[in-house]
Amino acid sequence: MTANSRCSATEPPGLETQRREIECLLRDCELRAGDSWYVVEHRWYEQWKEFVESGDQNSSLCPGQIDNTELFEDLDSYHLKERLVENEDFILVPAEVWHKLLAWYGMVDDQPPLERKVVDLPSTLKVEVYPVEIFLCLHSNMENVTTAQFSRTDNIQSIQLAMCRAFSLPQSSECHLWMKSSDNNCERLRNVHMSVLDACLSSGMTVIMETRNADGTWPSSRPQIMRNSVEDQDSYRGQPGVCGLTNLGNTCFMNSALQCLSNTPPLTEYFLQSSYLEELNFSNPLGMKGEIAEAYADIIKQMWSGRHYSVVPRIFKTKVGHFASQFLGYQQHDSQELLSFLLDGLHEDLNRVKNKEYIELRDADGRPDQEVAEEAWRNHRRRNDSVIVDTFHGLFKSTLICPECHKVSVTFDPFCYLSIPLPVSKERVMEVFFVSLDPYAKPMQHRVVVPKGGKVSDLCSALSEMTGVPATQMVVADLFNHRFYKIYTADESLSCILDRDDIFVYECGVQDDEQVLLALYLRERSHYRDYGSVNTTLFGHPLLLNVPRSSCSQEALYHLFLQRLARYVRVPDPSEEIEDDEEDDDDDDDDDEEEELYKTQTNGISDDEEQEDTEQAGPSHREACCADRSANGHHEGAAPPSEFHPDHPRPPTEEGDVHNNACPATTKLLCSGDAGPSDGHMHARGEASTAIEEGAAAAAAPPSAPPSSQHPLCGGTQDDGKQEEACPPSPPAGEDAAGTTACGKKKKRLFTIQAVNCNGTEREMGPDMSFSSQPYVALDWDADMKKKFYNENEAEKYVKHSSMDVPQQQTTVQLQECIQLFTTVETLEEENPWYCPVCKKHQLATKKLDLWSLPEILIIHLKRFSYTKFTREKLDTIVDFPLRNLDFSGCLLRKTVSNGEPPSRYDLIAVSNHYGGLRDGHYTSYARNKDNGQWYYFDDSKVTYAREDQIMTNAAYVLFYHRQDKMRKPPLPDPSTSPASSTHPSADVTLCTDDDDAATLTMETD
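Residue numbers run consecutively from 1 along every chain, following the written order of its sequence. Since the coordinates come from a predicted model, pLDDT governs what is reported: local features require at least 70, and pairs of side-chain atoms require 80 or more to be given and counted, while whole-chain, interface and lining totals use all residues. Heavy atoms from the whole structure form the basis of all side-chain values; hydrogens and water molecules are not counted.

1. Some thoughts on the overall build of the protein
- A run of H or I in DSSP becomes a helix once it reaches four residues, and a run of E becomes a strand once it reaches two; helices and strands are each numbered from the N terminus. Of regular secondary structure, the protein possesses 20 helices and 43 strands.
- All accessibility values rest on the Shrake-Rupley procedure with a 1.4 Å probe; residue burial counts only the protein chains present in the view. With the model as given, the accessible surface of the protein reaches about 47800 Å², and the carbon-plus-sulfur share is 48%.

2. Observations regarding the side chain of Lys786
- Its place among the elements puts Lys786 in helix α18 (residues 783-789).
- The cut-offs for exposure are 20% and 50% of the maximum accessible area for each residue type, with area from a 1.4 Å probe on protein chains only; residues under the lower value are buried, those over the upper are exposed, and the others partly exposed. Given a relative accessible area of 8%, Lys786 falls into the buried group.
- In what follows, a contact means two residues having at least one pair of non-hydrogen atoms within 4.5 Å. Residue contacts for Lys786: discarding those within four places in its chain leaves Glu524, Phe539, Trp781 and Glu792.

3. Quick notes on the environment of Glu70
- Mapped onto the fold, Glu70 is located in the loop between α2 (42-54) and β2 (90-94).
- Taking the C-alpha atoms as reference, Glu70 lies 8.7 Å from Lys81; in sequence the two are 11 residues apart.
- If we skip the residues at most four places from it in the chain, Glu70 touches Glu41 and Lys81.

4. Some remarks on the environment of Met288
- Looking at the element boundaries, Met288 is found in the loop between α7 (265-272) and α8 (291-303).
- For the pair formed by Met288 and Leu350, sequence separation is 62 residues and the distance between their alpha carbons is 9.9 Å.
- When near neighbours in sequence (up to four residues on either side) are disregarded, Met288 contacts Phe323, Phe341, Gly345 and Asp349.

5. A few points about the pattern of salt bridges
- The rule for a salt bridge is simple: a side-chain nitrogen of Lys or Arg has to be within 4 Å of a carboxyl oxygen of Asp or Glu. In this structure the tally under the stated criterion is 46 salt bridges.
- For Arg428, the salt bridge identified is with Asp499, shortest N-O distance 3.2 Å. You can see Arg428 sitting in strand β15 (residues 427-435) and its partner Asp499 sitting in the loop between β18 (483-487) and β19 (502-507), a full 71 residues away along the chain.
- Judged by relative accessible area, Arg428 falls into the buried class, the value being 13%.

6. Brief notes about the nonpolar core
- One finds Leu261, Phe271, Tyr296, Phe316, Phe392 and Phe960 to be the most contacted residues of the largest nonpolar core, which totals 54 residues.
- Here this core gets eight residues from one element, more than from any other, and that element is α8.
- Not counting residues within four places of it along the chain, the set of residues in contact with Phe271 comprises Tyr276, Ala293, Tyr296, Ala297, Ile300, Lys301, Leu346 and Leu350. Residues grouped as a nonpolar core are buried Ala, Val, Leu, Ile, Met, Phe, Trp, Tyr and Cys residues, joined through side-chain atoms within 4.5 Å.

7. Here's the deal with the sheet that holds strand β16 (residues 444-451)
- Spatial strand order, β18-β17-β19-β15-β16-β26: six strands in an open sheet with mixed pairing. In this open sheet, the two strands that pair with only one neighbour each are β18 and β26 (799-800).
- Strand pairing follows a simple DSSP-based rule, namely that at least 2 bridges must link the two strands. In terms of strand pairing, β16 meets β26 through two bridges, oriented parallel. Pairing of Gln445 across the sheet is with Lys800, part of β26.

8. Structural notes on the packing of aromatic side chains
- Within 6.5 Å between ring centres, the rings of Phe, Tyr and Trp (the latter by its six-membered ring) count as paired, and their orientation is classed by plane angle as stacked under 30 degrees, edge-to-face over 60, tilted in between. Per the stated rule, a full pass over the model turns up 30 aromatic pairs.
- A centroid spacing of 5.1 Å and a plane angle of 80° characterise the contact between Phe72 and Tyr78, whose relative ring orientation is edge-to-face.
- An aromatic cluster is built from Phe433, Phe484, Phe504, Tyr506, Tyr521, Tyr776 and Tyr798, whose rings are joined through pairwise contacts.
- To sit over a ring, a charge needs its Lys NZ or Arg CZ within 6 Å of the ring centre and within 35 degrees of the ring normal. When the ring centre of Tyr330 is taken as reference, the NZ or CZ atom of Lys317 above it lies at 4.7 Å.

9. What about the sheet that holds strand β5 (residues 132-138)?
- Here five strands make up an open sheet; going across it, the order is β6-β5-β9-β7-β8 and the pairing mixed. Edge positions in the sheet fall to β6 (141-150) and β8 (186-188), since each of these pairs with one other strand and no more. Strand-to-strand twist across the sheet, computed as the mean angle between neighbouring axes with direction ignored, equals 30°.
- Summarising the sheet, strand β7 (residues 175-180) and β8 pair through three bridges and their orientation is antiparallel. Across the sheet, the residue bridging to Lys180 is Cys186, located in β8.
- The strands touched by helix α4 (residues 156-166) are β5, β6, β7 and β9 (206-211); relative to β9, the strand with the most contacts, the crossing angle is about 70°. Every axis in this analysis is a line fitted to C-alpha atoms, fitted for helices over the stretch in contact. Angles between the N-to-C directions lie between 0 and 180 degrees.

10. A look at unusual backbone geometry
- Non-glycine residue Lys289 carries a positive phi angle of around 60°.
- Within the element layout of this structure, Lys289 appears in the loop between α7 and α8.
- For Lys840, which is not glycine, the phi dihedral falls at a positive 60°.
- Inspection of the secondary structure assignment puts Lys840 in the loop between β29 (834-836) and β30 (841-843).

11. Details of helix α20 (residues 815-822)
- Residues Leu815, Cys818, Ile819 and Phe822 constitute the buried set of α20. The buried side chains of α20 occupy one side of the element, clustering within an arc of 100° when seen end-on. Summarising the geometry, the arc corresponds to the directions from the helix axis toward the C-beta atoms.

12. As for the packing of helix α6 (residues 252-262) against helix α10 (residues 335-349)
- One can describe the packing of α6 onto α10 by two numbers: an axis separation of 8 Å at closest approach and a directional angle of 55°. Here α6 lies oblique to α10, going by the angle between them. The two elements α6 and α10 meet at a crossing, and its hand is right-handed. Contacts between α6 and α10 involve Phe253, Met254, Ala257, Leu258 and Leu261 on the former and, on the latter, Ser335, Leu338, Leu339, Leu342 and Leu343. Put simply, angles under 35 degrees are roughly parallel, angles over 145 are roughly antiparallel, angles from 65 to 115 are roughly perpendicular, and the rest are oblique. Take the far helix as your reference; a near helix turned counterclockwise from it by less than a right angle gives a left-handed crossing, and one turned clockwise gives a right-handed crossing.

13. Side note on the packing of helix α1 (residues 15-28) against α2
- α2 packs onto α1 with a crossing angle of 130° between their chain directions and a minimal axis gap of 8 Å. Put simply, α1 runs oblique to α2. Every residue of α2 that contacts α1 at Leu15, Gln18, Arg19, Ile22 and Leu26 is listed here: Tyr45, Trp48, Phe51, Val52 and Glu53.

14. A closer look at the pairing of strand β40 (residues 942-945)
- The pairing of strand β39 (residues 935-939) with β40 spans four bridges and is antiparallel. Residue pairing across strands places Tyr937 opposite Thr944, the latter belonging to β40.
- The antiparallel pairing of β39 with β40 creates a hairpin that spans two residues between the two strands, and Asp940 there sits at a positive phi of about 55°.

15. Re the side chain of Asn284
- Note that Asn284 resides in the loop between α7 and α8.
- The residues contacting Asn284, other than those within four sequence positions of it, are Lys289, Glu348 and Asn351.

16. Quick look at α6
- Burial analysis of α6 places 11 of its 11 residues in the buried class, the great majority of the element.
- For α6, every residue scored as buried is listed here: Cys252, Phe253, Met254, Asn255, Ser256, Ala257, Leu258, Gln259, Cys260, Leu261 and Ser262.

17. Describing the pairing of β39
- A large share of β39 lies buried, amounting to five of its five residues.
- Alternating positions in β39 separate into two faces, Trp935, Tyr937 and Asp939 on one and Tyr936 and Phe938 on the other, with burial throughout.
- In terms of strand pairing, strand β38 (residues 921-928) meets β39 through four bridges, oriented antiparallel. Residue pairing in the sheet places Ser925 in a bridge with Phe938 of β39.

18. Observations concerning the environment of Arg152
- Mapped onto the secondary structure, Arg152 falls in the loop between β6 and α4.
- Separated by 49 residues in the primary sequence, Arg152 and Leu201 place their C-alpha atoms 8.2 Å from one another.
- The contact partners of Arg152, leaving out residues within four places of it in the chain, are Val119, Glu128, Tyr130, Pro131, Val132, Ser195, Val196 and Leu197.
- Here the side chain of Arg152 touches Glu128 through a polar contact of 2.5 Å, side chain to side chain. Within 3.5 Å is the distance limit for a polar contact, defined as a pair of N or O atoms, with the added protein rule that one can donate a hydrogen and the other accept it, and that residues adjacent in sequence qualify only through two side-chain atoms.

19. Considerations on the confidence of the model for the protein
- Confidence scores labelled pLDDT are given residue by residue by the predictor and lie between 0 and 100. Summarising the model, the protein shows a mean pLDDT of 76, and 73% of its residues fall at 70 or more.
- Scored below 50 in pLDDT, residues 581-744 makes 353 contacts in the model with residues more than four places away or belonging to other chains.

Take a look at the structure:
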């Protein structure tokens, strides 16, 4: 008898028998979650009770067929009336009672049985009289809506199956369900095994179903496609898998890793066949609730649909950043780090183990390796069972030996990829510029070989062998933005110097206590009369100059600096002499105001106030001033030293000015022109430093300087190529020691001298100022003077030493050598000791890793980025890796298995490349298509054919190998798509041509 029976099929028993059976069933029943109960109209049930209690089979009290008409709103939809009350409008009977009553009395035609489920609510068990009534529709046709009722204990999959039946869709269709609430918000019903109650579905909500498009996208979130028009999107048909990924901003690392994984056949086929849907693990606390797996599946299905030139992985990038905060934003990252996170995330999202049990690891304790390895792999699979484990996981053998008690500890550990080291060279090649003492010698660029862990003194020694200049007479400095970024001491480590730094080595002569090393900057003054301010800007290359303390007067320094700049600073001819007298009468007032402003804004080696008095008082006043100076301890008849002398410090004025103690009769260092503080900003290392191009940059080793007689500014003679201490030359005829003409007018200097700090801005000097720290001075040029007498082209010129012509030898190592280096014995570092269970303390044990078993897909990470206590570098060594028949039989420990030798030969299927250095670079990839066997080069959205001889470069970073026994040989490629037409260059910087035949440079930097 079915629930839809409308009449009695058998003669009912006697009334007393009916009463006893029903009462017995009602007395013994209890609510159990998931059981079915039935709704019966209260009036009909009460009439049946009176009928059986009367005992008269022919009584008029016979209830007749079960009739629930009074419970329905209408007889078309058979919806229950709202707010019905149990035991007043209806009663609930268990399934056994219902079936007996239905068998005895039948049911009114066309009325459905009101079956209801017992649901386990958070606090109680309850019969669900009113199930959840949901509206159902398709995303493609939102107007076609149907209604269905579901129990709160039903899972989402039952709704999906009901929708497939209602809309005539195959039950195997890949679809998404979206829950739409009354406020039009939509939320994805991701876990199909979740109950309606847990999904918070309630009556009146709408569930929308969408099915995946033929191009792998979803109607609700169709990505942007890199095409010219919508027609192209629908008409394009290409090779599946040959699809670029748009760079969202420094996401080339992600694109490179995704392209390599996309061309991993077993993993890609697993997602293309939608096998992941049955294995999504939504309850794993270590996973991402299936979101990473679904986002990755979306990318793979779009890339392998054959309908896209390039897709935008924006949703995938957002998901990755949500679950791994280190990948948030758009900074450059490491493709191997993303690959590690992605494989781990996919494993946890697809882990077939729902509840991980605790397993205590055991040491080998002398047991055979085969037994221990099998036990370790078994334990690993008890907690980790996914397609990632099936495809990428292998087994290490780790052997630790205590150096004290010689305890041997053997364990077997799983791995997902091999990170193998590269042989590290002990030497380093550096390119530096050598600046000679000879003022007429151009800087010379040298290429020197130094110890990688050496000191600055080693660099000087190597350069000394090339130049013949003693290493003790060299000073090494890092130049940046026309200033000294750092001046190194001889005992500093060379690891502080990066390959991209502009390193200048200055010949400074013999250094002793009687000399001071001056750092010399060049600045250009800009006048802003309307605003009453003066600004200075650094230009050219700074210099280091050894100055005798006895020659630190302003007059001597001026001529000494002029002599040092003789190669590119032209001395005025007598006809060009500029007299520093009063300006035109019309500008007198402005000049006075500007001079006053200049005096309050500048500091350094200045005696403006005394100079002003001197100009007004004439020679007699100068002589009196000199007499005063002699009384203060200076030698009579000699130019007294300026404030540079450490024994005569003088506190600054209130404005921070430092005035020179030199006699105004001896010199007028600063003219009444303007100078002022510079912007005072120290630019970041990332800014473009001074351009140094061949024939237009500075630094080099010198030929011998010409005799002093050849140039009027040469203040000394040359001895074996080294300049003696320079003395200020005698003033020309018609000019006294103060630089005045016969008529008493002063000649205007080409530049003025200011004491500055290391950034090239004015320095406030306290009363304890001395030369114990590095002194910096700036030569301030007026724009007109600089334009007329400073030759910028000549200042930027340099020459190359013969060492620059010797090509650098590119080191090459075999991949097998790196693997052997990986398996060599090493001693643990102090930061990572091993706890010996016998000694009961941490020990620096020896450790050896061996390969026990290898996976189907072997990922090899070449550790190009080397980080130690002393150095940080990227290794550009070329690793010679085979494209076919990579044989691991020589380094696999597992030799005996039931079916003979284990398979150990691999073929290359993908390579992730990194171009650039430590702080910037660009990622690309090579990959072999699983369907046609053709190699392609993936550079973000650009995809080109690749030849096998292009794949091995010094940029190879992560290698993907496929075991030969698992490989499926693809069909031969289409002759029309022969790689012979490939024009992909093999250079590090990839120059591709897009559809418009426009050359675009795709090298990206961070």
